[in-house]
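Coordinate inspection notes
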Protein chains: 2
Amino acid sequence: MPEPRTAPKGDPLTRQSLLDAAAAIMVEDGYAAATTRSVASRAGVNNALVYYYFGTMDELFLELFRHGAERSFERLEVALTSEQPLWGLWDLIHDFSGSALTMELIALANHRKAIRAEISAYSKRFRTRQLELLTGVLEGYGVNLDEWPVTSVVLLMAGISRYLLIEEAFDVQIGHRETVALIERHITALEGRRRVPRAAAKARA
Amino acid sequence: MPEPRTAPKGDPLTRQSLLDAAAAIMVEDGYAAATTRSVASRAGVNNALVYYYFGTMDELFLELFRHGAERSFERLEVALTSEQPLWGLWDLIHDFSGSALTMELIALANHRKAIRAEISAYSKRFRTRQLELLTGVLEGYGVNLDEWPVTSVVLLMAGISRYLLIEEAFDVQIGHRETVALIERHITALEGRRRVPRAAAKARA
DNA sequence: GTCTATAGCTGGATAGAC
DNA sequence: GTCTATCCAGCTATAGAC
């Protein structure tokens, strides 16, 4: 579906630059810093345009989330139907890009009902799809699903990965290397060494 | 040390009620809702008192964090020197109370330098102490520390626990029960069934 | 589509009365 | 200690000119 049902009004470039500006500000200074003025200013336009394009800041935030969510969903499909689904899932989950923004949106959701509902619905959909696609894979690897339920495997990978990112943001890295190695050892035991390229890994200092 | 070196000025009760009010508001509506006016109003006093007691909102947030951090550190000592250190650690980490506030403070830290620094320093101290106390314990249990580094055990427990709490906040609970069971199975394998009472567990719906 | 101008509100912070 | 009063900054949102 390359053509949305109702084409959003206005200049698509301006619209996108507002979304990009909002994302950048949220990552750099937190969601509270993403105001109509700061976003518009960074996008190089007047703040009244935020209302012209999105109506309210809530709508802008929602659109930002939906963009990222849709992209993640597509990447999930690719990862879990690839030759090495576990490696694909790990790389996807462990990917730095987007995580900072996601965490800001989660924080934002704490006091924005619409955003909370959107994230909640999406998370369930995402998790459900993960399970659908991964159950057969783990069965194929001969994993004992009573001892290692698919949900738990997914939760462990996601949880540890998210936690490492949070700690890194606070410059705490004690034991991170060993822990990543531990996870990757287990993945290797199931589906061999990583043969697929790590998807679009960001350079890290 | 029942007497602090420099007694904070003002009425200790008012001071505490301001801190309590700030904590409650942050948990309920997010850190952005904790303003001088909202905090003072909830504490039943005038908003100018926030400045009388704390000077700035930043100082209030810092004091809030330090209180919780100190309490956590004490609980860590108790847990890790108890008869069942792993169960103690798990209960401490997995405790619901305080986690919501912690997450708000983490979000807040994203754009408040002073708070970021405080959390960073505390986290390192906390992790270091965990390792000091837990290394001997795991050795005593005959754990292969090359395969399961102490840091990784701690990170896995903390990461999964935190992630479960975040998901619960979004009403996503798919696989949570099984995953908690999995972790507790492993703890049981090392140090037997839980014999110590779960510390101050909050009732959950 | 993009702008200026402005209304209306909320927040941080301070001065000074009691 | 606690309050009232007030200043100023910054924000959302709208009206209307170009």
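The numbers attached to residues start from 1 for each chain and follow its sequence in the written order. Labels follow written order: the first chain is A, the first ligand is 1, and so on. Under the rules for a predicted model, residues below a pLDDT of 70 receive no local features and side-chain atom pairs below 80 are neither given nor counted, while totals for whole chains, interfaces and linings still include all residues. Hydrogen atoms and water are omitted, and side-chain values are computed over all heavy atoms in the structure.

One widely used convention gives an interface's size as the accessible area the parts lose upon coming together. Contacts between residues were defined by any pair of non-hydrogen atoms, one from each residue, lying within 4.5 Å. Contacts between chain B and chain A engage 50 residues on the former and 50 residues on the latter. When two parts are brought into contact, each loses some accessible area as probed by a 1.4 Å sphere; the total of that loss over both is the buried area. Of all residues in chain B, Tyr163, Phe170 and Ile174 of chain B bury the most surface against chain A, accounting for 17% of the area lost on that side. By salt bridge we mean one thing: a side-chain nitrogen of Lys or Arg within 4 Å of a carboxyl oxygen of Asp or Glu. At the boundary of chain B with chain A, the tally comes to 4 salt bridges. For the salt bridge of Asp171 of chain B with Lys124 of chain A, the shortest nitrogen-to-oxygen distance reads 3.8 Å. Counted as a polar contact is a pair of N or O atoms within 3.5 Å, where, for protein atoms, one must be capable of donating a hydrogen and the other of accepting one, and residues adjacent in sequence contribute only when both atoms are in side chains. In this structure, the connection of chain B to chain A is made through 14 residue pairs in polar contact (both at pLDDT 80 or more). Only DSSP runs of H or I reaching four residues or more are called helices, and only runs of E reaching two or more are called strands; each is numbered from the N terminus. When residues in the side of chain B that touches chain A are grouped by element, the largest group, 13 residues, is from helix 8 (residues 150-169) of chain B. Classification convention: Asp, Glu, Lys, Arg as charged; Ala, Val, Leu, Ile, Met, Phe, Trp, Tyr, Cys, Pro as nonpolar; all other residues, Gly among them, as polar. The residue makeup of the side of chain B that touches chain A, split by class, is 24 nonpolar, 13 polar and 13 charged.

Moving on: the packing of helix 1 (residues 12-29) of chain A against helix 6 (residues 99-109) of chain A. All names here are of chain A. One can describe the packing of helix 1 onto helix 6 by two numbers: an axis separation of 9 Å at closest approach and a directional angle of 85°. One way to sum up the angle between helix 1 and helix 6 is to call them roughly perpendicular. Of helix 6, the residues touching helix 1 (which contributes Ala23, Met26 and Val27) are Ala100, Leu101, Glu104, Leu105 and Leu108. In terms of residue class, the contact of helix 1 with helix 6 is built from 7 nonpolar, no polar and 1 charged. Interaxial angles span 0 to 180 degrees and are taken between N-to-C directions of axes, which are lines fitted to C-alpha atoms, for helices over the stretch in contact. Put simply, angles under 35 degrees are roughly parallel, angles over 145 are roughly antiparallel, angles from 65 to 115 are roughly perpendicular, and the rest are oblique.

On to the relation of the copies chain B and chain A. For the pair chain B and chain A, the relating rotation is 180°, the translation along its axis is 0.0 Å, and the fit reaches an RMSD of 0.0 Å. This pairing of chains is accounted for by a two-fold axis. It is Gly159 of chain B whose C-alpha, among those of chain B, lies nearest the rotation axis, at 2.5 Å. When the interface residues of chain B are mapped onto chain A, 100% of them again lie at the interface, so the same face is used by both copies. Copies are brought into register by a least-squares superposition over C-alpha atoms of residues with pLDDT of at least 70 in both.

Stacked, tilted and edge-to-face are the three classes applied to pairs of Phe, Tyr and Trp rings, where Trp contributes its six-membered ring and a pair requires centres within 6.5 Å; stacked means planes under 30 degrees apart, edge-to-face means over 60, and tilted covers the rest. Within this structure, the stated rule accounts for 11 aromatic pairs over all chains. Seen in terms of ring centroids, Phe65 of chain B and Tyr122 of chain B are 5.6 Å apart; in terms of plane orientation they differ by 90°. Their pairing is edge-to-face. Note that Phe65 of chain B is positioned in helix 4 (residues 57-80) and Tyr122 of chain B in helix 7 (residues 113-140), a separation of 57 residues in sequence. In this pair, the class of Phe65 of chain B matches that of Tyr122 of chain B, namely buried. Taken together, the ring pairs in this structure connect Phe65, Phe73, Tyr122 and Phe126 of chain A into an aromatic cluster. Cation over ring: Lys9 of chain A sits above Tyr52 of chain A, and NZ or CZ is 4.5 Å from the ring centre. Three exposure classes are used, based on accessible area relative to the maximum for each residue type with a 1.4 Å probe and protein chains only: buried under 20%, partly exposed in between, and exposed over 50%. In this scheme, Lys NZ or Arg CZ marks a charge over a ring once it lies within 6 Å of the ring centre and within 35 degrees of the ring normal.

With that settled, consider the protein's contact with DNA strand C. The environment of DNA strand C is made up of 17 residues, and the closest members are Gly10, Asn46 and Tyr53 of chain A together with Thr36 and Tyr51 of chain B. Backbone polar atom of Asn46 of chain A to a phosphate oxygen of DNA strand C: 2.6 Å apart, as the coordinates give it. Where the surface near DNA strand C is concerned, the elements lending two or more residues are helix 3 (48-54) of chain A together with helix 2 (36-43) and helix 3 (48-54) of chain B. For the surface near DNA strand C, a count of residues per class yields 8 nonpolar, 7 polar and 2 charged. Throughout this document, a residue counts as near a molecule or strand when at least one of its heavy atoms sits within 4 Å of that molecule or strand.

Our focus in this paragraph is the environment of Met26 of chain A. Tracing the backbone shows Met26 of chain A in helix 1. Residue Met26 of chain A is classed as buried on the basis of its relative accessible area of 0%. Non-local contacts of Met26 of chain A, meaning those with residues more than four positions away in its chain, are made with Tyr31, Ala34, Phe61, Leu64, Leu101, Glu104, Leu105 and Leu108 of chain A together with Asn110 of chain B.

Neighbouring residues of DNA strand D: 18 residues in total, closest Thr36, Arg37 and Tyr51 of chain A together with Asn46 and Tyr53 of chain B. Here, DNA strand D places atoms within 4 Å of the protein, and 57% of those atoms are sugar or phosphate. Residue Thr36 of chain A places a side-chain N or O atom 2.3 Å away from a phosphate oxygen belonging to DNA strand D. Separating a phosphate oxygen of DNA strand D from a backbone N or O atom of Asn46 of chain B is a distance of 2.6 Å. Of all the secondary structure elements, the ones that give two or more residues to the surface near DNA strand D are helix 2 (36-43) and helix 3 of chain A together with helix 3 of chain B.

Let's shift gears to unusual backbone geometry. In the Ramachandran plot, Asp171 of chain A falls in the positive-phi region, its phi being about 65° despite a non-glycine side chain. Tracing the backbone through its elements, the reader meets Asp171 of chain A in the loop between helix 8 (150-169) and helix 9 (176-191).

Okay, the packing of helix 4 of chain B against helix 7 of chain B next. All names here are of chain B. Two elements in contact, helix 4 and helix 7, have axes whose closest approach is 11 Å; the angle formed by their N-to-C orientations is 5°. As far as their axial angle goes, helix 7 and helix 4 are roughly parallel. Touching Asp58, Phe61, Leu62, Phe65, Arg66, Ala69, Ser72, Phe73, Leu76, Glu77 and Leu80 of helix 4 are Ala114, Ile115, Glu118, Ile119, Tyr122, Arg125, Phe126, Arg129, Gln130, Leu133 and Leu134, all from helix 7. A breakdown of the residues in the contact of helix 4 with helix 7 according to their chemical character gives 14 nonpolar, 2 polar and 6 charged.

Attention now goes to helix 4 of chain B. All names here are of chain B. Multiplying 1.5 Å by the residue count of a helix minus one yields the expected span of that helix. Helix length check: helix 4 (24 residues) gives 35 Å between terminal C-alpha atoms against 34 Å at 1.5 Å per residue, within 8%. For helix 4, the set of buried residues is Met57, Leu60, Phe61, Leu62, Glu63, Leu64, Phe65, Ala69, Phe73, Leu76, Ala79 and Leu80. Looking at the buried residues of helix 4, the elements they touch are helix 1 (12-29), helix 2, helix 3, helix 5 (85-93), helix 6 (99-109) and helix 7.

This brings us to the confidence of the model for chain A. The pLDDT value tells you how sure the predictor is about a given residue, anywhere from 0 up to 100. For chain A, the mean per-residue pLDDT works out to 92, and 94% of the residues sit at or above 70. Within chain A, no element has a lower average pLDDT than helix 6 of chain A, which sits at 89, and none a higher one than helix 9 of chain A, at 98.

With that settled, the discussion passes to helix 8 of chain B. Residue and element names in this part refer to chain B. Between the first and last C-alpha of helix 8 there are 29 Å, a value that for 20 residues agrees with the 28 Å anticipated at 1.5 Å per step. The element helix 8 is largely enclosed, with a buried count of 18 among its 20 residues. Looking at the residues trailing helix 8, positive phi occurs at Asp171, about 65°.

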